[in-house]
Amino acid sequence: MVNIVFKFFIAISCLLIFRGLLAEPLLDGADFDYGEYLSGQCLTCHQSSSDEGIPAINGAEALYIAKKLILYKNKELENEVMQLVASALDKEQIASLAIYFNSLEK
Amino acid sequence: MHNLSRRSFVSFALASTSLLAMPAISTGSARPKVVVVGGGAGGATAARYIAKDSKGAIDVTLIEASKHYYTCFYSNLYLGGFRDYDSIGHSYDNLSANHGVNVVHDWAISVDSSARKVRLGSGANVSYDRLVLSPGIDIKYDSIDGYSVEAQTKMPHAWKSGTQVKVLRDQVLNMPKGGTFAMVPPPNPYRCPPGPYERISMVAHILKEKNPTAKIVVIDPKNKFSKQGLFMAGWEKHYPGMVEWIDNDTHGGIKNVNPETMEIETDLDTFKADVACVVPAQRAGAIAMNAGVTDGDWSPIVPASMQTKADGNIYVLGDASVASAMPKSGFSANSQAKVAANHIRGELTDSRVFPAKFSNTCWSLVATNDGIKVGANYKAGEEKIEVVDKFVSKTDEGNAKRKKTYEESIGWYNGITTDMFS
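What counts, and where the lines are drawn
- Residues numbered from 1 in each chain as written.
- Chains lettered and ligands numbered in written order.
- Predicted model: local features only at pLDDT ≥ 70, side-chain atom pairs only at ≥ 80, totals over all residues.
- Heavy atoms only, no water.
- Helix = DSSP H or I, 4+ residues; strand = E, 2+ residues; numbered from the N terminus.
- Buried < 20%, exposed > 50% of the residue type's maximum accessible area, 1.4 Å probe, protein only.
- Contact = heavy atoms within 4.5 Å.
- Phe/Tyr/Trp six-rings, centres within 6.5 Å; stacked < 30°, edge-to-face > 60°.
- Lys NZ or Arg CZ within 6 Å of the ring centre and 35° of its normal.
- Salt bridge = Lys/Arg side-chain N within 4 Å of Asp/Glu carboxyl O.
- Polar contact = N/O pair within 3.5 Å; in protein donor to acceptor, adjacent residues only side chain to side chain.
- Nonpolar A, V, L, I, M, F, W, Y, C, P; charged D, E, K, R; others polar.
- Disulfide = S-S within 2.5 Å.
- Pairing = 2+ DSSP bridges.
- Axes fitted to C-alpha atoms, helices over the stretch in contact; angles between N-to-C directions.
- Arc of directions from axis to C-beta.
- pLDDT = per-residue confidence, 0-100.
- Parallel < 35°, antiparallel > 145°, perpendicular 65-115°, else oblique.
- Left-handed = near helix turned anticlockwise from the far one by under 90°.
- Core = buried A, V, L, I, M, F, W, Y, C linked by side-chain atoms within 4.5 Å.
- Domains from an automatic or database assignment.
- Buried area = accessible area lost by both parts, 1.4 Å probe.

### Quick look at the overall build of chain A
So, point 1. In terms of regular secondary structure, chain A is built from five helices and zero strands.
So, point 2. Overall, chain A shows an N-to-C arrangement of helices and strands of α-α-α-α-α.
So, point 3. Here chain A, with 106 residues, has 40% of them falling under the buried criterion.
So, point 4. Within chain A, residue pairs in contact and separated by at least 24 positions form 71% of the contacts whose partners lie at least 6 positions apart.

See below:
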């Protein structure tokens, strides 16, 4: 009986976390395929295996990527290349990139 | 029963269509075929993305004469002693091993666009459903009086990376004490707009250390150039009094060069050099000319897809294309390749096609830890690729930022070569 209650508790927790993620406004409208296409622009510079000169972003948290891109878009983070890249991305594109890079292996 | 009959009918209809269509499909293969000519920043990227993203649904053949590709970008850093030669060489092995690309080391000689076939140097024909041409540039040897294929060992253009850059480096290292290095940059449009001026910086870097009384004279067929303020301020800061840049209005035009006497004659004066780098005018690689997809020296393209305006089955990428506002750079070619790859995949496998998005950044090294950059975003207009937004380094930014820009360029070099060859 305890076991069943525990499983139920875990299931409810997972559901709430999942709903929480979906409800995250920064990731609204995310489209995995679109993210894969858009990632081509990032992969000209960002590598999966090295941080030399330019940070690796594969497997980073989706929210972390989205927030960083918004900071670059608002010019609150420095780097002309990233400000330029982010300035051309709308909300859906940022969300799509965020979930795509999150899905890649580090 | 009714459903089964309808399915049978559909299968029969499809089979009939295929049979009827057979004579027109020259591949004879179940998988659609893409042939890519040229394994540089445009071609290698296109081959890799089409093969990788179609997950085997498209048969991709890459035709490239060289077994090892030496990048044009960073070849100036080899010239200046910042990289060794092997570090700018790359193999195509991973494209076959990791993505199933059929890499054929041969020259593409001609294109029969009605039969959709590419003829190779070996005499073999390769059929395609879509053809991607990314042949880079050809040098117009006759654009400067006195210059020729033979002249290029005495006055190397070194504008296609590889052994010519080695020749030029040896010549600079062995230049007489207090001698003159002359540079004749190409007229617009040409591969790598900041390239001649980064090259001057790298030669100055060597001479400052090994031959400090030597001079550099730049006899330019243009009156202005890319990142001009940044380069000229950098030359004055790092190599004071060494570099003299003479614009076209001042020298009045380059009349001829003489590889025997090492002279460059202009309306103003005749310049005698100990070492001369002469970069003539350029045009699209010969195969683009041969395929009938050029207008004048370059290939006009449809901005949304990189298809040529002349033939919807043929795409042209990179230096050979008329990409309007986008410079002829490795970064641009790599960016255009992804747009073309997405479009080709959509045409051949019905995958989703997303709106074209282009970008470019060109990093240049002026001196040790002094990197500068220029970049832009682009969109596909109806007729042209158009600038959306752009930036350029500032002359008054600090040393720490310049060092960071150089380090960023190393990251980019590793990134783009991984994106092309991994």
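### Quick notes on the packing of aromatic side chains
Each aromatic ring pair is characterised by the separation of its centres together with the angle its planes make.
Residue and element names in this part refer to chain B.
So, point 1. Inspection of the entire model under this criterion finds 22 aromatic pairs over all chains.
So, point 2. In this structure an aromatic cluster arises from ring pairing among Phe73, Tyr74, Phe331, Trp363, Trp412 and Tyr413.
So, point 3. If you follow Lys166 out to its NZ or CZ, it ends over the ring of Tyr85, 4.3 Å from the centre.
So, point 4. One residue, Lys328, lies across the ring of Trp298, its end atom 3.8 Å from the ring centre.

### Considerations on the interface of chain A and chain B
So, point 1. Between chain A and chain B, the contact holds 25 residues from the first and 35 residues from the second.
So, point 2. Summed over the shared surface of chain A and chain B, the number is four salt bridges.
So, point 3. A salt bridge links Glu80(A) to Lys401(B), with the nearest nitrogen and oxygen atoms 2.8 Å apart.
So, point 4. The tally of links from chain A across to chain B stands at 15 residue pairs in polar contact (both at pLDDT 80 or more).
So, point 5. Residue assignment for the side of chain A that touches chain B shows that the elements contributing at least two residues are α2 (32-43) and α4 (80-87) of chain A.
So, point 6. With eight residues, α2(A) is the single largest residue contributor to the side of chain A that touches chain B.
So, point 7. Class assignment for the residues of the side of chain A that touches chain B results in 11 nonpolar, eight polar and six charged.

### Some words on the state of the cysteines
Covalently bonding the sulfur atom of one cysteine to the sulfur atom of another cysteine gives a disulfide.
So, point 1. Enumeration over the complete set of coordinates arrives at zero disulfides over all chains.
So, point 2. Left without a disulfide partner, Cys45(A) is nearest to the cysteine sulfur of Cys42(A), which lies 8.9 Å away.
So, point 3. A disulfide-free cysteine, Cys277(B) has its sulfur positioned 11 Å from the sulfur of Cys72(B), the nearest such atom.

### What to know about the sheet that holds strand β1 (residues 33-37) of chain B
Residues and elements named next belong to chain B.
So, point 1. Strand order in the open sheet formed by five strands is β5-β2-β1-β9-β20, and the pairing between neighbours is parallel. The open sheet has two edge strands with one neighbour each: β5 (102-104) and β20 (314-316). Ignoring strand direction, the axes of neighbouring strands in this sheet form an average angle of 20°.
So, point 2. The sheet contact formed by β1 and strand β9 (residues 130-133) spans four bridges and is parallel. By the bridge assignment, Val35 is partnered in β9 with Leu131.
So, point 3. Lying on the sheet, helix α2 (residues 43-54) is in contact with β1, β2 (59-63) and β9; it crosses β2 at an angle near 165°.

### Digging into the pattern of salt bridges
So, point 1. Under the definition given, this model contains 22 salt bridges over all chains.
So, point 2. Connected via shared salt-bridge partners are Glu80(A), Lys373(B), Lys401(B) and Glu408(B).

### Here we look at helix α7 (residues 228-238) of chain B
Residue and element names in this part refer to chain B.
So, point 1. All of the buried residues in α7 are Leu230, Phe231, Gly234, Trp235 and His238. The arc that holds every buried residue of α7, seen down its axis, measures 130°, which confines them to one face. Residues Glu236 and Lys237 are exposed on α7 and point more than 90 degrees away from its buried face.
So, point 2. Those residues of α7 that are buried are in contact with α6 (195-210), β13 (243-246), β22 (358-367), β23 (370-380), β24 (385-392) and α11 (399-421).

### With respect to the confidence of the model for chain B
So, point 1. Summary statistics for chain B give a mean pLDDT of 93 and a share of 93% for residues scoring 70 or more.
So, point 2. Confidence drops under a pLDDT of 50 for residues 1-28 of chain B, and excluding neighbours within four residues, the segment shows 10 contacts in the predicted structure.

### Focus on the packing of α2(A) against helix α10 (residues 330-349) of chain B
So, point 1. Interhelical geometry of α2(A) versus α10(B) gives an angle of 160° and a closest axis separation of 10 Å. Relative to α10(B), α2(A) is oriented roughly antiparallel. When you trace α2(A) past α10(B), the crossing you get is right-handed. The segment α2(A) lies against α10(B), with Tyr37(A), Gly40(A), Gln41(A) and Leu43(A) engaging Lys338(B), Val339(B) and Asn342(B).
So, point 2. Looking at the contact of α2(A) with α10(B), its residues break down into three nonpolar, three polar and one charged.

### Re the nonpolar core
Residue and element names in this part refer to chain B.
So, point 1. Within the largest apolar cluster, 136 residues are counted, with the highest numbers of intra-cluster contacts made by Val118, Leu131, Leu133, Phe181, Ile216, Trp235 and Trp412.
So, point 2. It is α10 that contributes the most residues to this core, eight residues altogether.
So, point 3. Both domain 1 (29-138 + 283-353) and domain 2 (141-280) contribute no fewer than three residues apiece to this core.
So, point 4. Among residues more than four places away in sequence, those in contact with Ile216 are Phe181, Ile200, Val203, Ala204, Leu207, Met242, Val243 and Glu244.

### Section: the domain arrangement of chain B
Residue and element names in this part refer to chain B.
So, point 1. Its domain assignment divides chain B into domain 1 (29-138 + 283-353) and domain 2 (141-280).
So, point 2. Opposite the 20 residues of domain 1 that make contact, domain 2 presents 21 residues.
So, point 3. Taking both partners together, domain 1 and domain 2 bury about 1800 Å²; carbon and sulfur atoms supply 64% of that area.
So, point 4. On the domain 1 side of the interface with domain 2, the three residues burying the most area are Asn76, Leu79 and Ile137, jointly 34% of the side's total.
So, point 5. At the boundary of domain 1 with domain 2, the tally comes to two salt bridges.
So, point 6. Across the contact surface, domain 1 and domain 2 share 10 residue pairs in polar contact (both at pLDDT 80 or more).
So, point 7. Looking at the side of domain 1 that touches domain 2, the element that brings in the most residues is helix α3 (residues 75-79), giving five residues.
So, point 8. Along the lines of polarity and charge, the residues of the side of domain 1 that touches domain 2 split into 11 nonpolar, six polar and three charged.

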